[in-house]
Amino acid sequence: MKRTAMAALILVIGFVFLVSNVNLVLSEDFQKVPIILKASEILPKELLKGPNYTIKENATNDGVVSTYELDTTYGSVTVESMVLLLKRIHELKAIHKMEQLQGTDVFMKAAQGAATGPLQTAKGLVEDPAGTASAVGSGIGRFFSRVSDSVTSDDPYKAGAVQSALGQAATKREFAYQFGVDPYSPYQPLQKTLDSVAWTATSGSLTVKAAFSAIPGGAGTVVSLTGTADSLRSLIRDKTPSELQAINAQRLSAMGVSGSLQKVFLNNFSYDPWEKTLLVGELANMKNVKDRSKFITAACAAQGEPMAVFMRVMAQLMGLYNEKRKSVQSYVEADNLPLLQKKDGTVVAVLPLDNLAWTRRFANKEKAVSEAIKKIARVKGKEMLVVGTVNPVAKKALEARGWKVEEKFAEAIFREMVGKTMSQ
């Protein structure tokens with residue numbers, strides 16, 4: 001009788017356990033993607049419109065980042081992620097300021113001098129190398145013999161010999177520094193305007209200081225995520241892409257990154273020299289943190305500008321976290337995701353996500369990451385810091401899986417960046 005009762009009890013417990021798990025599975029409230037969000041509801045109102053752009057109202061979210069569409073004076077633009085959106089809008093603001101500069105008397109006087117100056121021929125050599133080369137003969141061809149070196153280089157960001165020899169490349173970097181923009185950005189309207197201003201300044205003997213004093217309202221103030229970024233921008237201004245490549249290699253070596261891993265990362269041209277130098281510089285500044293090569297390993301997988309900017313901002317946010325909390329011991333890796341591990345054993349994910357939703361894809365990723373974390377020594381807890389917002393369902397699900405969730409991480413800094421961007 002006792003055995004029968006015990007067997008019945010075991011069956012009941014088993015049935016209750018099975019039903020509970022079935023209900024847990026059925027209760028998974030996965031959100032379907034794409035998620036349509038309203039730009040006016042998720043972005044600061046100051047960001048929605050500028051003198052040469054308007055952000056369209058509908059933004060498409062894939063559960064982690066949003067894709068924004070902009071109507072601009074230079075054509076339609078599609079931008080993936082808030083962090084890339086901030087970069088692109090800052091570039092659009094800089095273009096507007098450069099256009100204002102081009103309308104000033106100071107600039108037009110320089111442009112007149114540039115049009116009749118000897119450097120106009122050299123400018124043609126860059127913009128129309130085949131046509132101009134045949135017109136000027138072999139003498140200039142020999143003088144600019146290093147042109148072939150830049151043309152055959154695998155590095156698309158290496159400055160041409162003409163720009164370097166005449167000072168246009170350095171002037172362009174100086175203007176980019178003053179405007180707070182990436183001189184190697186793939187955004188062509190920025191490149192076209194920046195090149196034009198730099199050529200005129202170089203050919204027309206217009207100093208950067210004189211140019212900026214002529215801009216109506218000034219050029220605005222640049223705000224960076226970290227203090228390290230300010231010194232790195234100066235480095236990008238003062239060094240050529242080849243020099244930056246060598247500096248980044250030295251810094252990676254000092255971090256203990258192997259030569260083979262360095263080669264893979266440094267030859268990933270999804271990162272332009274600006275993005276690459278900012279990323280490496282932030283890691284180099286985290287001198288007290290071990291195993292920084294784990295972040296570089298993850299960064300090697302970036303394909304395209306959106307992911308490169310995402311990884312760079314992640315490095316900056318981790319540097320900011322380390323600077324503020326002063327509790328980080330090392331980098332760790334879980335399912336190819338770089339994490340920080342604090343001295344007390346807690347692992348921390350710092351993610352530049354826009355709007356985190358509980359999708360099936362993210363749930364699977366979380367499971368894989370959590371399984372990998374179990375294999376890391378001394379883990380005492382899990383924290384997730386997100387730049388944007390976390391859907392209530394996602395937050396509840398993450399907390400049920402042992403994560404302490406913090407949304408709007410570094411919001412004050414991002415809002416200050418937005419405010420300063422709008423002041424331009």
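All residue numbers refer to positions counted from 1 along the written sequence of the respective chain. It should be noted that, the model being predicted, local features are given only for residues of pLDDT at least 70 and side-chain atom pairs only at 80 or more, the latter also being counted only at that level, while totals for whole chains, interfaces and linings use all residues. Only heavy atoms go into the side-chain values, all of them from the structure, while hydrogens and water stay out.

## Quick word on the overall build of the protein chain
- Strands here mean DSSP runs of E at least two residues long; helices mean DSSP runs of H or I at least four residues long; both are numbered from the N terminus. Within the protein chain, the regular secondary structure consists of 21 helices and 13 strands.
- Should any heavy atoms of two residues lie within 4.5 Å, those residues are counted as being in contact. Within the protein chain, contacts between residues at least 6 apart in sequence are counted, and of these 67% link residues at least 24 apart.
- Values of accessible area rely on a 1.4 Å probe in the Shrake-Rupley scheme; residue burial ignores everything except the protein chains shown. Carbon and sulfur atoms form 55% of the exposed surface of the protein chain, whose accessible area is close to 20400 Å².

## Some thoughts on the sheet that holds strand β13 (residues 403-406)
- Strands pair, by our definition, only if DSSP identifies at least two bridges between them. Read across the open sheet, the 5 strands follow the order β7-β8-β9-β11-β13; overall the sheet is mixed. Edge positions in the sheet fall to β7 (328-334) and β13, since each of these pairs with one other strand and no more. The mean angle between the axes of side-by-side strands here comes to 30°, regardless of whether they run parallel or antiparallel.
- Strand direction decides the pairing type here: strand β8 (residues 337-342) and strand β9 (residues 347-351), joined by 2 bridges, are antiparallel. Opposite L340, over in β9, you have V348 as the bridge partner. Here the axes come from fitting lines to C-alpha atoms, over the contacting stretch only for helices, and the angles between their N-to-C directions go from 0 to 180 degrees.

## A short note on helix α10 (residues 168-179)
- Helix span, as expected, comes to 1.5 Å for every residue beyond the first. A rise of 1.5 Å per residue sets the reference length of α10, with its 12 residues, at 16 Å; its end C-alpha atoms lie 16 Å apart and thus fit the reference within 8%.
- Of all 12 residues in α10, 9 are buried, a share of seventy percent or more.
- All of the buried residues in α10 are Q168, A169, T171, K172, R173, F175, A176, Y177 and F179.
- After α10 finishes, the residue G180 shows a positive phi value of roughly 75°. Note on exposure labels: buried denotes an accessible area under 20% of the residue type's maximum, exposed denotes more than 50%, and partly exposed covers the range between, all computed with a 1.4 Å probe on protein chains only.

## Quick look at the packing of helix α13 (residues 227-238) against helix α14 (residues 241-254)
- Contact geometry of α13 with α14 gives a least axis separation of 9 Å together with a crossing angle of 140°. The angle between α13 and α14 places the two elements in the oblique class. Facing L232, L235, I236 and D238 of α13, the residues of α14 in contact are E243, L244, I247 and R251.
- Only Asp, Glu, Lys and Arg are considered charged, only Ala, Val, Leu, Ile, Met, Phe, Trp, Tyr, Cys and Pro nonpolar, and every remaining residue, Gly among them, polar. Among the residues making up the contact of α13 with α14, the classes are represented as 5 nonpolar, no polar and 3 charged. For classification purposes, an angle smaller than 35 degrees is called roughly parallel, one larger than 145 roughly antiparallel, one from 65 to 115 roughly perpendicular, and anything else oblique.

## What about helix α3 (residues 82-102)?
- Compared with an ideal rise of 1.5 Å per residue, which puts 21 residues at 30 Å, α3 spans 30 Å between its outermost C-alpha atoms and is within 8% of the ideal.
- Here α3 lies mainly inside the structure; 17 of its 21 residues are buried.

## Side note on the pattern of salt bridges
- Any carboxyl oxygen of Asp or Glu that lies within 4 Å of a side-chain nitrogen of Lys or Arg is treated as forming a salt bridge with it. Within this structure, the stated rule accounts for 18 salt bridges.
- Between D62 and R361 there is a salt bridge whose closest N-O contact spans 3.5 Å. One end of the pair, D62, is in the loop between β4 (58-61) and β5 (66-72); the other, R361, is in helix α19 (residues 360-373), and 299 residues separate them in sequence.
- By relative accessible area, which is 27% here, D62 ends up partly exposed.
- Owing to a relative accessible area of 53%, R361 belongs among the exposed residues under this scheme.
- Between D238 and R237 there is a salt bridge, and its shortest N-O distance comes to 2.7 Å.
- Judged by its relative accessible area of 45%, D238 is partly exposed.
- The network of salt bridges with common partners includes K87, R88, E91, D182, E275, E305 and R312.

## Here's the deal with the packing of aromatic side chains
- Any pair of Phe, Tyr and Trp rings, taking the six-membered ring for Trp, is counted once the centres come within 6.5 Å. Such a pair is stacked with planes under 30 degrees apart, edge-to-face with planes over 60 apart, and tilted for the rest. Across all of its chains, the model carries 6 aromatic pairs by this definition.
- Ring centres of F265 and Y271 lie 5.2 Å apart, and the angle between their planes is 50°; on these two criteria the pair is classed as tilted. Neither F265 nor Y271 differs from the other in exposure class; each is buried.
- Centre to centre, the rings of W358 and F362 are 6.1 Å apart; their planes meet at 75°, and the pair counts as edge-to-face. By the burial criterion, W358 is buried, and F362 matches it.
- Taken together through their ring pairs, the aromatic side chains of F175, F179 and F212 make up a single cluster.
- Lysine NZ or arginine CZ positioned within 6 Å of the ring centre and within 35 degrees of the ring normal marks a charge as sitting over the ring. Over the aromatic face of Y177 sits the side chain of R237, whose NZ or CZ is 4.3 Å from the ring centroid.

## Points about the environment of A39
- Inspection of the secondary structure assignment puts A39 in helix α2 (residues 39-42).
- A39 has contacts with L48, I55, K56 and E57, leaving out every residue within four places of it along the chain.

## Focus: the confidence of the model for the protein chain
- The pLDDT value tells you how sure the predictor is about a given residue, anywhere from 0 up to 100. Mean pLDDT over the protein chain stands at 84; residues scoring 70 or higher make up 79%.
- Here helix α7 (residues 138-143) is the element of the protein chain with the lowest mean pLDDT, 32, and strand β3 (residues 53-55) is the one with the highest, 98.
- Below pLDDT 50 for its whole length, residues 125-153 participates in 22 contacts with residues either more than four positions away or in separate chains.

## Observations concerning the environment of V347
- Structurally, the position occupied by V347 is in strand β9.
- In this structure, the C-alpha to C-alpha distance between V347 and M384, residues 37 residues apart in sequence, is 8.6 Å.
- With sequence-adjacent residues up to four places away left out, V347 is seen in contact with V332, L340, Q341, I373, V379, G381, K382 and E383.

## So, the pairing of β7
- Taken across its 7 residues, β7 has 5 buried, putting it largely inside the fold.
- As defined by bridge partners, β7 adjoins β8 across 6 bridges and the pair is classed as antiparallel. Looking across to β8, one finds that Y331 is bridged to L340.

## So, unusual backbone geometry
- The peptide bond linking V33 to P34 adopts the cis configuration, its omega dihedral lying at 5°.
- Mapped onto the elements of the fold, P34 is located in the loop between α1 (2-26) and β1 (35-38).
- With a phi angle near 55°, S205 is a residue other than glycine that sits in the positive phi range.
- Backbone geometry at K326 places phi at a positive 50°, although glycine is not the residue there.

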